[in-house]
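Listed below, chain by chain, are the residues.
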Amino acid sequence: MEDNKIEEIVAIALSETESSDNSDQLQEIRNRYLSKKSELMSLMSNLGELSIEKRKEFGQKLNAAKAKISEVINAKQEELKKRELAARLAKEEIDISLPSYQTLPGGKNPFHVIIDEMTDIFLGMGFEVEDGPEVEQDLYNFELLNIPHDHPARDMQDTFYISDSLLLRTHTSPVQAHAMEKAQGKPVRIICPGKTYRRDDDDATHSHQFGQIEGLVIDKNINIGHLKATLELFAKKMFGEKREIRLRPSYFPFTEPSVEVDITCANCDGKGCSMCKGTGYIEVLGGGMVHPNVLKMNGYDPEEYSGFAFGIGIERVAILRYGIDDIRKFYQNDVRFLHQYRKKA
Ligand code: PHE
């Protein structure tokens, strides 16, 4: 009777195993038929009632039944594992013929692209590139440039003060003083591109942060013709051979005479359009002959040495070059804007 029971259990276990079609279900069958609490094991408790001989025989049958069920379940498990792996591979198959997600490489902001272009032009004329601090001493930003403490020109260049004598530089001109200090009375021919700051409105044409390229040349016999020729060459290289420049009298405390420099409008060739407000010219920089006081304060004898200096608005040049309509776009980090100026690799 008990023998029949064993065979019955084995038969059911084998048929259930045969029809199971996933690993979880198979695990459940394994638990049901082979764990200590299984029906098969519960038959063990009857062993005590049997004679020694019978007990041995019955025990062997039980073990054989267990081994059989276990073998069949194991075989089924192998089969299911293979099937499940094949199904997963089929589902996760990668179609290598599909185009990949596009990851765009980074690129330079047009602010830096234009600095590189401008720098190249001046390097070609024999200038060297200098650097200077953005957090600057009052001494360099104003005093050594002939703008004493009570000078009204300071009003036009209000800025962010860190302390009474430390501020965010309002122009790149303090690099003039640093360069002269470094040159120790010897000739100077440098440019310095960099960021500058002023208290200002933020609108399409103003920003509290903007860029300038400073230029300074000091040597014997330097005259305003050198300034004009340098800027003319720059304008033609930057905006095309047809461009012409115009010098208008202006005022800066650190240059005398001082000029404002306009370039014929690239949009209308100087005829007059909305971009140049009908004038045919667009203002791009300030410059002039280095003031004798500045030469003296920075260790040069104005009787022996003279020089010229200029400061070009970087965004101004980029705006003209690329036809950008809002200065804030340089700083907003909008990828749709930035990607247009990525240099092709
Ligand atoms: N630093 C002046 C400005 O920011 C420009 C300038 C530079 C003028 C050098 C003369 C010489 O307005």
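Residues numbered from 1 in each chain as written. Predicted model: local features only at pLDDT ≥ 70, side-chain atom pairs only at ≥ 80, totals over all residues. Heavy atoms only, no water.

**Quick notes on the overall build of the chain**
- Helix and strand counts for the chain stand at 12 helices and 10 strands.
- Relative to the compact-globule value of 20 Å for 345 residues, the chain shows a C-alpha radius of gyration of 43 Å, a clear excess of over 25%.
- Over its C-alpha atoms, taken along the principal directions, the chain stretches across nearly 130 × 45 × 35 Å.
- Sorting the 345 residues of the chain into buried and exposed places 42% on the buried side.
- When contacts within the chain are restricted to residue pairs at least 6 apart in sequence, long-range pairs at least 24 apart make up 67% of them.
- Accessible surface computed for the chain: about 19,900 Å², of which carbon and sulfur atoms make up 51%.
- A distance of 5 Å separates the average location of the 45 positive side-chain charges in the chain from that of its 56 negative side-chain charges. (Helix = DSSP H or I, 4+ residues; strand = E, 2+ residues; numbered from the N terminus. Rg over C-alpha atoms; globule rule 2.2 N^0.38 Å. Buried < 20%, exposed > 50% of the residue type's maximum accessible area, 1.4 Å probe, protein only. Contact = heavy atoms within 4.5 Å. Areas by Shrake-Rupley, 256 points an atom, 1.4 Å probe, with all protein chains shown as cover. Lys, Arg positive; Asp, Glu negative; His and termini not counted. Charge placed at Lys NZ, Arg CZ, Asp CG, Glu CD.)

**Quick word on the site of the ligand**
- Taken together, 14 residues lie around the ligand, and His171, Ser173, Arg198, Gln212 and Gly311 are the ones closest in.
- His171 has a polar side-chain atom sitting 2.9 Å from a nitrogen atom of the ligand.
- Note that an oxygen atom of the ligand is positioned 2.9 Å from one of the side-chain N or O atoms of Gln212.
- For the ligand, the protein covers 93% of the area, taking 330 Å² as the surface of the free molecule.
- More than half of the atoms of the ligand fall within 2 Å of the grid points belonging to the largest pocket.
- The set of elements that each furnish at least two residues to the shell around the ligand consists of β6 (209–219), β9 (281–290) and β10 (306–313).
- In terms of residues, the shell around the ligand owes the most to one element, β10, which gives three residues.
- In terms of residue class, the shell around the ligand is built from four nonpolar, eight polar and two charged. (Near = heavy atom within 4 Å. Polar contact = N/O pair within 3.5 Å; in protein donor to acceptor, adjacent residues only side chain to side chain. 1 Å grid on protein atoms, 1.4 Å probe; cavity = no way out; pocket = protein on both sides within 12 Å on 5 of 7 lines; lining within 4 Å. Sits in = over half its atoms within 2 Å of the grid points. Nonpolar A, V, L, I, M, F, W, Y, C, P; charged D, E, K, R; others polar.)

**Thoughts on helix α8 (residues 174–183)**
- Extensive coverage of α8 is indicated by the burial of eight of its 10 residues.
- Taken together, the buried positions of α8 are Pro174, Val175, Gln176, Ala177, His178, Ala179, Met180 and Ala183.
- In the core, the buried residues of α8 are packed alongside β2 (135–137), α6 (138–141), β5 (188–197), β6, α10 (292–297) and β10.
- The first or second residue beyond α8 is Gln184, which carries a positive phi of 50°.

**Let's talk about empty space enclosed by the protein**
- For the structure on display, the rule yields one cavity of 30 Å³ or more.
- Here the largest cavity is characterised by a volume of approximately 40 Å³.
- Lining the largest cavity, in full, are Phe239, Ile263, Thr264, Cys265, Ala266, Ile282 and Leu320.
- Residue classes in the lining of the largest cavity are distributed as six nonpolar, one polar and no charged. (Points joined across faces, edges and corners; volume = space filled by probe spheres on them.)

**Focus on the sheet that holds strand β4 (residues 166–168)**
- Spatially, β2-β4-β3 is the arrangement adopted by the three strands of the open sheet, whose pairing is antiparallel. Every other strand in the sheet has two partners, leaving β2 and β3 (161–163) as the edge strands with one partner each. Taken over all neighbouring pairs, the strand axes of this sheet differ in orientation by 30° on average, direction set aside. (Pairing = 2+ DSSP bridges. Axes fitted to C-alpha atoms, helices over the stretch in contact; angles between N-to-C directions.)

**Regarding the packing of helix α2 (residues 23–34) against helix α4 (residues 52–91)**
- Their axes nearest at 10 Å, the elements α2 and α4 cross at an angle of 170°. On the basis of their axis angle, the class for α2 and α4 is roughly antiparallel. Residues Ser23, Leu26, Ile29, Arg30, Tyr33 and Leu34 of α2 form the contact with α4, whose own contacting residues are Lys66, Ile69, Ser70, Ile73, Asn74, Lys76, Gln77, Leu80 and Glu84.
- Along the lines of polarity and charge, the residues of the contact of α2 with α4 split into seven nonpolar, four polar and four charged. (Parallel < 35°, antiparallel > 145°, perpendicular 65-115°, else oblique.)

**Thoughts on the layout of surface pockets**
- Counted as a void, the largest pocket has a volume near 1,300 Å³.
- Those elements that provide at least two residues to the lining of the largest pocket are α7 (153–156), β6, β7 (245–252), β8 (255–264), β9, β10 and α11 (314–322).
- Of the residues forming the lining of the largest pocket, the biggest block, seven residues, is contributed by β9.
- Split into classes, the residues belonging to the lining of the largest pocket amount to 21 nonpolar, 16 polar and 10 charged.

**Comments concerning the nonpolar core**
- In this structure, Met118, Phe122, Phe234, Met238, Phe310, Ile312 and Val317 are the most contacted members of the largest nonpolar core, which totals 43 residues.
- Looking at this core, the elements that each hand over two or more residues are α5 (110–124), β6, α9 (224–239), β8, β9, β10, α11 and α12 (335–338).
- When near neighbours in sequence (up to four residues on either side) are disregarded, Phe310 contacts Phe122, Phe127, Ile191, Ile213, Glu214, Gly215, Leu227, Thr230, Leu231, Leu285, Gly286 and Gly287.
- Residues Met180, Ala183, Tyr300 and Tyr305 belong to the second largest nonpolar core, which totals 21 residues. (Core = buried A, V, L, I, M, F, W, Y, C linked by side-chain atoms within 4.5 Å.)

**Focus: the sheet that holds β8**
- What the seven strands build is an open sheet, ordered β1-β5-β6-β10-β9-β8-β7; its pairing is mixed. The open sheet terminates on both sides in strands that have one partner only, identified here as β1 (128–129) and β7.
- Here β6 pairs with β10 via eight bridges, running antiparallel. Looking across to β10, one finds that Gly215 is bridged to Phe310.
- Docked against the sheet, α5 engages β1, β5, β6 and β10, running at close to 165° with respect to β5.

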